[in-house]
Amino acid sequence: MRRMVWGCLVLAMAAMVGAGATLAAEIRVMTSGGFAEAFRQIVPAYEAETGHRIVVVGGASMGGAPDSIPSRLARGEPADVVMLAGDALDALVRDGRVVPGSRVDLARSIIGMVVRAGAPKPDISTVEALTRTVREARSFAWSASASGVYLSNDLFPRLGLADAMRERGRRIESERVATVVARGDAEIGFQQVSELLPIPGVDYVGPLPEAVQRVTIFSAGVAQGSQQPDLARSLIAYAARAEHQPVLVRLGLERPR
């Protein structure tokens, strides 16, 4: 009898373990750089709390680079959740790549500038000082995604820096701008602050002046074709929790207003 009871207990425990393994899932997330580091820091707690495993794939919010999020989705790469600039997410909704009504705003992000570690920090506290700094830089770089589109298509031309862009500017694809500056391939670099701060080998100078600053809202949505949309929505809700505020602050981000 004891052997029978023990055998039943072993089978029951095995069944429970098997059920737990079945319930655990792999959730694929595509995230752009602006929210990538914040998300990376909250993933371990989510995995510990739920037992699910997160697989993260990076890429720019926009642009035609092969590893940009729009390009990845266009060629059919699987995803459950996408996290990127809100305007770019809305475009993916219109293109049928993200489920309508699934957008949740996660963070507000601003643009800043870095120099190579140990280099003098130029003044960018006013529009005039920023213009002078870019004009006098031996080389400067900006991203191919949300912040870079604003800088190259709007701000730099408006400040009379179109010639400087052609002569000494670099548009960076598939790499962090701060990495390029740390390597010495650009004297100064501009990108979302949350993408600059985690990179070693650079010193953060500060944000663009308020008069020319551009705030980007980073948002998440459920990828069209996700095989587990309920889990995708649950993960997005977790990423939007107020308890993650300290992580956002460390990376120069703010909660949506």
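Residues numbered from 1 in each chain as written. Predicted model: local features only at pLDDT ≥ 70, side-chain atom pairs only at ≥ 80, totals over all residues. Heavy atoms only, no water.

What is the right way to read the sheet that holds strand S3 (residues 81-85) from this model?
Two modes of strand pairing occur in sheets, parallel and antiparallel, and in both the strands are linked by backbone hydrogen bonds. Sheet architecture is open: 5 strands sit in the order S2-S1-S3-S10-S4, paired in mixed fashion. In the strand order of this sheet, the two ends are held by strand S2 (53-58) and strand S4 (104-109), each with one partner. Ignoring which end each strand starts from, the neighbouring axes of this sheet average 20 degrees apart. Alignment of S3 against strand S10 (residues 216-222), held across 5 bridges, turns out to be antiparallel. In the sheet register, Ala85 faces S10, and the bridge partner there is Phe218. Strand contacts of helix H4 (residues 86-94): S3 and S10, with the helix running at about 130 degrees to S3, the strand carrying the most contacts. In the packing of helix H10 (residues 229-239) onto the sheet, contacts are made with strand S1 (26-31), S2, S3, S4 and S10, and the angle to S10 comes to roughly 155 degrees. (Pairing = 2+ DSSP bridges. Helix = DSSP H or I, 4+ residues; strand = E, 2+ residues; numbered from the N terminus. Axes fitted to C-alpha atoms, helices over the stretch in contact; angles between N-to-C directions. Contact = heavy atoms within 4.5 Å.)

I would appreciate a short explanation of the packing of aromatic side chains in the present structure.
Here the distance between the centres and the angle between the planes together describe a pair of aromatic rings. Under the defined criterion, the tally for this structure stands at 5 aromatic pairs. Taken together, a centroid distance of 5.9 Å and an interplanar angle of 75 degrees make the contact between Trp142 and Phe156 edge-to-face. Here Trp142 is found in strand S6 (residues 140-143), whereas its partner Phe156 is found in helix H6 (residues 146-158), with 14 residues between them in sequence. Here Trp142 and Phe156 have matching classes, each one buried. Taken together, the ring pairs in this structure connect Phe140, Trp142, Phe156 and Phe190 into an aromatic cluster. (Phe/Tyr/Trp six-rings, centres within 6.5 Å; stacked < 30°, edge-to-face > 60°. Buried < 20%, exposed > 50% of the residue type's maximum accessible area, 1.4 Å probe, protein only.)

Looking at this structure, I do not really get the packing of helix H2 (residues 33-50) against H10. What am I missing?
Each pair of packed helices can be described by the angle between their axes along with the distance between the axes. Remark: H2 packs on H10, axes separated minimally by 10 Å, with the N-to-C direction vectors making an angle of 115 degrees. In terms of axis orientation, H2 runs roughly perpendicular to H10. The element H2 and its partner H10 pack so that their crossing is right-handed. Packed against H2, whose contacting residues are Phe35, Phe39, Ile42, Ala45, Tyr46 and Glu49, the element H10 presents Leu231, Ser234, Leu235, Tyr238 and Ala239 at the interface. The residue inventory of the contact of H2 with H10, partitioned by class, reads 9 nonpolar, 1 polar and 1 charged. (Parallel < 35°, antiparallel > 145°, perpendicular 65-115°, else oblique. Left-handed = near helix turned anticlockwise from the far one by under 90°. Nonpolar A, V, L, I, M, F, W, Y, C, P; charged D, E, K, R; others polar.)

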